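One-letter residues, chain by chain:
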Amino acid sequence: MKRLFSEVYLHLIAGVIALGILGISAHTLWIDRQNTWQEAEKSSRNVLTTIARDLEGKLDLLDLSLRGAMEGLRYLGSQQLPPDLQYRMLFDRTATASFMGTLLVVDQAGNLIADAGPMIAPRALNVADREYFIAHKANNHIGLYISRPFASRTRQGDTSIGISRKLSDQAGRFAGVVMGSMPLTTINQLFNNLSLGQHGAINLFRNDGILLTRYPYDESQVDQDLGGSPHVRRLLAEKSGTFDSVSPIDGVRRIISFERLERYPLVLTVALSVEEVFSAWQRKALVLSLATLVLCCAVVGLTVLFQRELKRRTRAETKLRRIARTDDLTGLPNRRAFRETFEREWRHAVRSGSALSLLYIDADYFKNFNDHYGHGRGDEALRAVASTLESNIRRPRDVAVRHGGEEFAIVLPETDLQGAKLIAENIRQSIVALSITHEGSPYQVVTVSIGIASVNPSRESDRATLLEAADRALYAAKAAGRNCVHHRESEADPQQKRLPHAAA
């Protein structure tokens, strides 16, 4: 049981150590992953804020140019002014909007009135089929309008988006449109110096889910209507935020930070690839996992080695204890084991109130046997006697020991005087039946004398009384002629309330 407890305790300690290592590693990796995620969110938010402020500033300048052209048209007779004054009146503010592709003023039919672009538009230009013109003409309440990407007719087909406002006459009727275009290449120049990784992306959506442009730029991906995607619907439903999702454009899972521009119907997103964000963390996790595995294997290995050594030492200690408690000649327990057994059974008899009997056995005339046949034959005779003693006690707690020389003793727990006498007589007869020749004995064979003592001990009893009674009984048996078992009452001990019976 002690050995089993030691093994369980050893496995428990090893398990706690292994689980501790695994727990610390897992906690470290989890905290590091959370920190990596938060750093990625923070970085994307910072980039997003910078781009959004820059884009809003440029759109403000462009809108200021549109408003300047609208104010110039309000002056009566402006069309009769000289061309240079007419240009200054309409487009004086466009000088600050250097990123603008072109700025057009068209009448209610879509025909060009004036042009402030770097390339002079043809006078026959008509934009009545453009989305922004149709939207303003159809809805009198639209303010600033941002169109879907279109191929410019004044810039050799450059893909641009139009920022436009409606012109009204004095009666408030539709009188045309003033429109400034922004080439997508100009917008994408805002993103060129950013380092977002190989799969990082920046997207600019209109508030109805139309993708206006994207970085890295791919003309085949712009002008898509993604308003039905759950991914984009979340962008359009909230003012700002950060979440991770699989892009409906290219299927890459990203950490997405988004923000709705305050004064314009646009949503800007900065997206970092989850795989790239966690690539360094995954390498660290792999190294730490391998180190943890090695440590756990080392703990298991050391546990196995320690358990093996513990078993070896336990076996050695058990063997030493057995050797220390065993008589080398007969294989019976020795006198030391007798004392331990007697003490244990005495305490048990006191607790349970049961009887305890003790037999002292001595081989008769054994000095004559050794002198006549030699010590070798004497050892064989002692082994035969020991084997006979063991064969006559069958209960697990009955113990036969070699007390010393040719003397033996048997402890019989829960056995009264009558039971002890029966066992003693069986032993005596069994040894006679061995028929070991002994010419130095009057019986001509090896015999034994047996003394018996029995007691029902109490807490006030002295265990030495039982030992002394058995010893006196043995001497009485020898005095009676040997090869016999006799019993008689022992003398009373004035210090004991309960005394053992003694047989001689």
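Only a predicted model underlies this, so the values are computations on that prediction, with no experimental measurement involved. All residue numbers refer to position in the chain's written sequence, counted from 1. Totals for whole chains, interfaces and linings use every residue, but because this is a predicted model, local features are given only for residues with pLDDT of at least 70 and side-chain atom pairs only at 80 or more, for both listing and counting. Calculation of side-chain values draws on the structure's entire complement of heavy atoms; hydrogens and water are dropped beforehand.

(A) Region of the structure containing the overall build of the chain. A run of H or I in DSSP counts as a helix once it spans at least four residues, and a run of E counts as a strand once it spans at least two, with each numbered from the N terminus. Scanning the chain from terminus to terminus reveals 12 helices and 17 strands. Each residue gets one of three labels from its accessible area relative to the maximum for its type: buried under 20%, exposed over 50%, partly exposed in between, using a 1.4 Å probe on protein chains only. For the chain, the proportion of its 504 residues judged to be buried stands at 46%. Only the protein chains shown count as cover for residues, and all accessible areas are computed by the Shrake-Rupley method using a 1.4 Å probe. Roughly 26,300 Å² of accessible area belongs to the chain as shown, and the carbon and sulfur atoms make up 53% of that amount.

(B) A look at the pairing of strand β9 (residues 240-246). Here β9 shows one buried face, formed by Gly241, Phe243 and Ser245, and one open face, formed by Ser240, Thr242, Asp244 and Val246. Direction of pairing for β9 relative to strand β10 (residues 253-260): antiparallel, over a ladder of seven bridges. Across the sheet, the residue bridging to Val246 is Arg253, located in β10. Here β9 folds back onto β10 in antiparallel fashion, the turn holding six residues, of which Gly251 has a positive phi close to 75°. In this scheme, strands are said to pair when DSSP sees at least two bridges between them.

(C) Up close: the packing of aromatic side chains. Planes of paired rings set the category: under 30 degrees apart is stacked, over 60 is edge-to-face and the rest tilted, where pairs are Phe, Tyr or Trp rings (Trp by its six-membered ring) whose centres lie within 6.5 Å. The full count for this structure, using the stated rule, is 10 aromatic pairs. Each ring, one from Phe278 and one from Trp281, has its centre 5.9 Å from the other, and the planes form 75°; the classification is edge-to-face. Since its relative accessible area comes to 16%, Trp281 is described here as buried. Measuring from ring centre to ring centre gives 5.4 Å for Phe366 and Phe369, while their planes differ by 10°; the resulting arrangement is stacked. Of the two residues, Phe366 and Phe369 are both situated in helix α9 (residues 366-373); the distance of three residues between them amounts to about one turn of the helix.

(D) Quick look at the environment of Leu467. Note that Leu467 resides in helix α12 (residues 463-479). For Leu467, a relative accessible area of 25% translates into the label partly exposed. With sequence-adjacent residues up to four places away left out, Leu467 is seen in contact with Phe338, Phe342, Leu358 and Tyr360. Residues are treated as being in contact if the distance between any of their heavy atoms lies within 4.5 Å.

(E) Here's a closer look at the side chain of Ser257. Looking at where Ser257 falls in the secondary structure, it is placed in strand β10. Think of a polar contact as two N or O atoms within 3.5 Å of one another; within protein, one of them needs to be a possible hydrogen donor and the other a possible acceptor, and neighboring residues in sequence only count if both atoms come from side chains. A polar contact of 2.6 Å, which involves the side chain of Ser257, links it to the side chain of Ser44. Of note is the side chain of Ser257, whose polar atom sits 3.1 Å from the side chain of Thr242. Those residues within four positions of Ser257 in sequence are excluded, and the remaining contacts are Glu41, Ser44, Arg45, Leu48, Gly241, Thr242, Leu268, Thr269 and Val270.

(F) Structural view of the sheet that holds strand β11 (residues 266-273). Taken in spatial order, the five strands line up as β8-β7-β11-β10-β9 in an open sheet, and their pairing is antiparallel. The open sheet terminates on both sides in strands that have one partner only, identified here as β8 (211-215) and β9. Put simply, the sheet's adjacent strands are angled 20° from each other on average, direction ignored. Sheet topology note: the strand β7 (residues 201-206)/β11 ladder contains six bridges and is antiparallel. Whenever a helix is involved, its axis is fitted only over the stretch in contact; in every case the axis is a line through C-alpha atoms, and angles between N-to-C directions fall within 0 to 180 degrees.

(G) A look at helix α10 (residues 375-391). An expected span of 1.5 Å times one less than the residue number is assigned to each helix. In this model, α10 (17 residues) spans 24 Å end to end at C-alpha, consistent with the 24 Å of a helix rising 1.5 Å per residue. Within the span of α10, buried status applies to Gly378, Ala381, Leu382, Val385, Ala386, Thr388 and Leu389. Across the axial projection of α10, the buried residues extend over an arc of 160°, all falling on one side. Lining the buried residues of α10 we find β12 (356-363), α9, β13 (399-404), β14 (407-413) and α11 (417-434). The arc in question is the one spanned by the directions pointing from the helix axis to the C-beta atoms.

(H) Focus on the pattern of salt bridges. The term salt bridge refers to a pairing of a side-chain nitrogen on Lys or Arg with a carboxyl oxygen on Asp or Glu at a separation within 4 Å. Under the defined criterion, the tally for this structure stands at 26 salt bridges. By sharing partners, the salt bridges in this structure join Arg344, Glu345, Arg397 and Glu414 into a single network.

(I) Spatial organisation of the state of the cysteines. Here, the term disulfide refers to a pair of cysteine sulfur atoms separated by no more than 2.5 Å. Following the criterion strictly, the structure yields zero disulfides and no others. Distance from the sulfur of Cys296, which forms no disulfide, to the nearest cysteine sulfur (Cys297) is 7.1 Å. Residue classification places Cys296 among the buried residues on the basis of a relative accessible area of 12%.

(J) Layout of the packing of helix α8 (residues 335-352) against α12. Following both chains from N to C, one finds α8 and α12 inclined at 125°, their axes separated by 11 Å at the closest point. The orientation of α8 relative to α12 falls into the category oblique. The crossing of α8 and α12 is right-handed. Contacts from Phe338, Phe342, Glu343 and Trp346 in α8 reach Arg463, Leu466 and Leu467 in α12. An angle below 35 degrees is treated as roughly parallel, one above 145 as roughly antiparallel, one from 65 to 115 as roughly perpendicular, and anything else as oblique. Each crossing is labelled by how the near helix is turned from the far one, with a counterclockwise turn of less than a right angle marking it left-handed and a clockwise turn marking it right-handed.

(K) Structural context of the packing of α10 against α11. It is at 10 Å that the axes of α10 and α11 come closest, and there the two elements cross at 140°. One way to sum up the angle between α10 and α11 is to call them oblique. Crossing hand, α10 versus α11: right-handed. Across the interface between the two elements, Ala384, Val385, Thr388 and Leu389 of α10 pack against Ile427, Ser430, Ile431 and Leu434 of α11. Each residue gets one label: Ala, Val, Leu, Ile, Met, Phe, Trp, Tyr, Cys and Pro are nonpolar, Asp, Glu, Lys and Arg are charged, and the others, such as Gly, are polar. Here the residues of the contact of α10 with α11 are counted per class, giving six nonpolar, two polar and no charged.

(L) Fine view of the confidence of the model for the chain. pLDDT measures how confident the predictor is about each residue, on a scale from 0 to 100. For the chain, mean pLDDT is 84; residues scoring 70 or higher make up 88% of the total. Long-range and interchain partners of residues 489-504, a stretch whose pLDDT sits below 50, account for 47 contacts in this model, where long-range means more than four residues apart.

(M) The environment of Ile134, seen in detail. Tracing the sequence through the fold places Ile134 in helix α3 (residues 131-138). Overall, Ile134 belongs to the partly exposed group, its relative accessible area being 44%. When the C-alpha atoms of Ile134 and Val177 are compared, they prove to be 9.9 Å apart, with 43 residues separating the residues in sequence. Setting aside residues no more than four positions away along its own chain, Ile134 makes contact with Ala128 and Asp129.

(N) View of the pairing of β7. Taken across its six residues, β7 has six buried, putting it largely inside the fold. By the alternation rule, side chains of β7 split into Ala201, Asn203 and Phe205 and Ile202, Leu204 and Arg206, which are all buried. Sheet topology places β7 next to β8; four bridges connect them, and they run antiparallel. Note on β8: the bridge partner recorded for Asn203 is Arg214.

(O) Up close: helix α5 (residues 230-237). Here α5 has its buried residues at His231, Val232, Leu235 and Leu236. Looking down the long axis of α5, one finds its buried residues gathered within 130° of arc, a one-sided arrangement. In α5, the exposed positions angled more than 90 degrees off the buried face are occupied by Pro230 and Ala237. Where α5 is buried, its residues meet β7, β9, β10 and β11.

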